[in-house]
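# Inside the fold
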Amino acid sequence: MKANIVINKITQLIPVDEIKGPRRGIEMKNIRKIEDGIIAIYNNKIIYVGSGELPDHIQTDNDTIFIDGSGKTVLPGFVDAHTHLVHGGSRENELKMKLEGMSYMEILKSGGGILSSVKATKKATEEELAEKAMKVLDRMLKMGTTTVEAKSGYGLDVESEIKQLKVANKLNDVHPVDIVSTFLGAHAVPNEYKDDVDGFVEVVINDMIPKVSEQKLATFCDVFCEEGVFNIEQSKKILEAGKEHGLTPKIHADELYPMGGAQLSAQVGALTADHLVAAEEEGLLAMQREGVIANLLPGTSFNLNVGKYACGRKMIDMGLPVALSTDYNPGSCPTENIQLIMYLASLKYKMTAEEVISAVTINGASALGLQEKIGSLETDKNADIVILDVPNIDYILYHFGINHVDTVIKNGKIVVSDRKLIKE
Ligand code: IZC
Ligand code: ZN
């Protein structure tokens, strides 16, 4: 077999292999590290991972591209499994309110927050939304993210939700980053339904979900289950309806108040429960029993600045599989920087570098149901690979706030080289 690309002499190669994802509890820490590592790629697949030289059955020739991995750390491409990628507008006007002490929910209740992004998204054309999201994806890719989840939820009516999902699906076709779509029609209550939330839930269930499913626009169905948004009963109804239409449940659970979202995630068989800042022990135990992945978003806690973080350390010690994502969105967490999220998780949750790497690779992949294809460096998996200009994984978390990525390979193609995007 002939290799198109070979990365050799890698100072620290972390394949995150040997266990099919998600890794839970102590498995997150126990990942192997290869010195003098080597990886070979043919077309879009990995064909060899090891150390030293290539084995005899893998040949190279004058066309083979060699990348020198000395002084570098090589990891699976990062998977960002919770983003609100497609939206119109921005909300920097809310910064002043925040600094004056207004909470995220107070801003939303005053008609700003999510509802302000809904207004801007409804107004925007598909092209405008795509152009804006494309820039976000470019920034993510430069940071080493090779697969993202993208939620709708800034339309809140059939037509605009579908518009958002269509944009995400189109971007998946044209941008190197792979995008998995989630329907989040129940992201906020539109003004017209302010006094009839159950009425809006009916619209989500009877109008939106069937159309989204029929047009195959999403893989997952999510709900913002939160005090003052959708309660447990409404969230359950929506997630069950999604399931009936083939959409796997995900849930914004116990972000600000302990609502019982964690328990609900276990009850409906959700793949992930996200946020979990205020989740209670009972809910976490239910998740652990049912194998629900805790998808934690420390950037949001940091940026909301109320001093509360999910108990990531405890969740891992309880044996839960933990993933980490940016929550990229125009309100509570406008950042594409997955490396900043990794740093915050390490610092605020007390996660080791090994646990952090497991969380953003194989566990992120598992949070999207893609653990068979991506999330680790193994023969026959997709060649989604990041090369960082650091000697080891501890260094990534130690030297914080900057981008350590030198090269990104996505589906076997070099898409970032010498820190710059390669545009086709
Ligand atoms: O636009 O504020 N938390 N949804 C739930 C968000 C944050 C996104 C936003
Ligand atoms: Zn979110």
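In what follows, the structure referred to is the one given above.
Below, the structure is looked at part by part. (Residues numbered from 1 in each chain as written. Chains lettered and ligands numbered in written order. Predicted model: local features only at pLDDT ≥ 70, side-chain atom pairs only at ≥ 80, totals over all residues. Heavy atoms only, no water.)

### Section: the coordination of the zinc ion (ligand 2)
- Distances from the zinc ion (ligand 2) to its protein donors, His82 (NE2), His84 (NE2), His252 (NE2) and Asp327 (OD), fall within 2.0 to 2.8 Å.
- Seen from the zinc ion (ligand 2), its four donor atoms lie at angles of 76 to 162°, and the figure they make is irregular.
- Along the chain, the residues that donate to the zinc ion (ligand 2) are spaced as H-x1-H-x167-H-x74-D. Here His82, found in the loop between strand E7 (78–80) and helix H1 (95–99), pairs with His252, found in strand E11 (residues 248–253); they are 170 residues apart in sequence, far enough to count as distant. (Donors = N, O, S within 2.8 Å, 3.2 Å for Na, K, Ca; no water. Tetrahedral: all angles 85-135°; square planar, octahedral: opposite > 155°, others 65-115°. Helix = DSSP H or I, 4+ residues; strand = E, 2+ residues; numbered from the N terminus.)

### Things to note about the packing of helix H5 (residues 158–174) against helix H6 (residues 197–214)
- Where H5 contacts H6, the two axes come as close as 10 Å, and the packing angle between them is 30°. Between H5 and H6, the crossing angle belongs to the class labelled roughly parallel. Helix-helix and strand crossings are classified by hand; for H5 and H6 the assignment is right-handed. Counted together, Val158, Glu161, Ile162 and Leu165 of H5 and Asp207, Met208, Lys211 and Val212 of H6 form the full contact between these two elements.
- For the contact of H5 with H6, a count of residues per class yields five nonpolar, no polar and three charged. (Axes fitted to C-alpha atoms, helices over the stretch in contact; angles between N-to-C directions. Parallel < 35°, antiparallel > 145°, perpendicular 65-115°, else oblique. Left-handed = near helix turned anticlockwise from the far one by under 90°. Contact = heavy atoms within 4.5 Å. Nonpolar A, V, L, I, M, F, W, Y, C, P; charged D, E, K, R; others polar.)

### Observations regarding the pattern of salt bridges
- Overall, the coordinates contain 22 salt bridges when judged by the stated rule.
- Across the pair Lys122 and Asp157 runs a salt bridge, and its minimum N-O distance is 2.4 Å. In this pair, Lys122 sits in helix H3 (residues 114–123) while Asp157 sits in the loop between strand E8 (145–151) and H5, placing the two residues 35 residues apart along the sequence.
- The residue Asp222 makes a salt bridge to Lys151 at a minimum N-O spacing of 2.7 Å. Residue Asp222 is located in strand E10 (residues 220–223), and its partner Lys151 is located in strand E8; the two are separated by 71 residues in the primary sequence. For the pair formed by Asp222 and Lys151, the shared burial category is buried.
- Salt bridges linked by common partners bring Asp17, Glu18 and Arg32 together as one network. (Salt bridge = Lys/Arg side-chain N within 4 Å of Asp/Glu carboxyl O. Buried < 20%, exposed > 50% of the residue type's maximum accessible area, 1.4 Å probe, protein only.)

### Structural notes on the packing of helix H4 (residues 126–142) against H5
- Look at H4 against H5: their axes get within 10 Å of each other, and the N-to-C directions meet at 50°. Taken together, the axes of H4 and H5 are oblique relative to one another. For H4 against H5, the interelement crossing comes out right-handed. Contacts between H4 and H5 involve Glu126, Leu129, Ala130, Ala133, Met134 and Leu137 from the former and Lys163, Lys166, Val167, Lys170, Leu171 and Val174 from the latter.
- Counted by class, the contact of H4 with H5 contains eight nonpolar, no polar and four charged residues.

### Re the site of ligand 1
- Around ligand 1, the neighbouring residues are His84, Arg91, Tyr104, Ile114, Tyr154, His187, Phe224, Glu255, Asn329 and Ser332.
- In the model, an oxygen atom of ligand 1 is placed 2.8 Å from a nitrogen or oxygen of the Arg91 side chain.
- At a separation of 2.7 Å, a nitrogen atom of ligand 1 approaches a polar side-chain atom of His187.
- With the chains in place, 100% of the 260 Å² that ligand 1 exposes on its own is no longer accessible.
- When each cavity is represented as a set of grid points, ligand 1 is found to reside in the largest cavity.
- Here the residues of the shell around ligand 1 are counted per class, giving four nonpolar, four polar and two charged. (Near = heavy atom within 4 Å. Polar contact = N/O pair within 3.5 Å; in protein donor to acceptor, adjacent residues only side chain to side chain. Areas by Shrake-Rupley, 256 points an atom, 1.4 Å probe, with all protein chains shown as cover. 1 Å grid on protein atoms, 1.4 Å probe; cavity = no way out; pocket = protein on both sides within 12 Å on 5 of 7 lines; lining within 4 Å. Sits in = over half its atoms within 2 Å of the grid points.)

### Details of empty space enclosed by the protein
- The tally for this structure, following the rule as stated, stands at one cavity of 30 Å³ or more.
- If you go around the largest cavity, you meet 13 residues; those closest to its centre are His84, Tyr104, His187, Asn329 and Ser332.
- Residues that form the lining of the largest cavity fall into these classes: four nonpolar, six polar and three charged. (Points joined across faces, edges and corners; volume = space filled by probe spheres on them.)

Geometric values such as these leave the question of function open.
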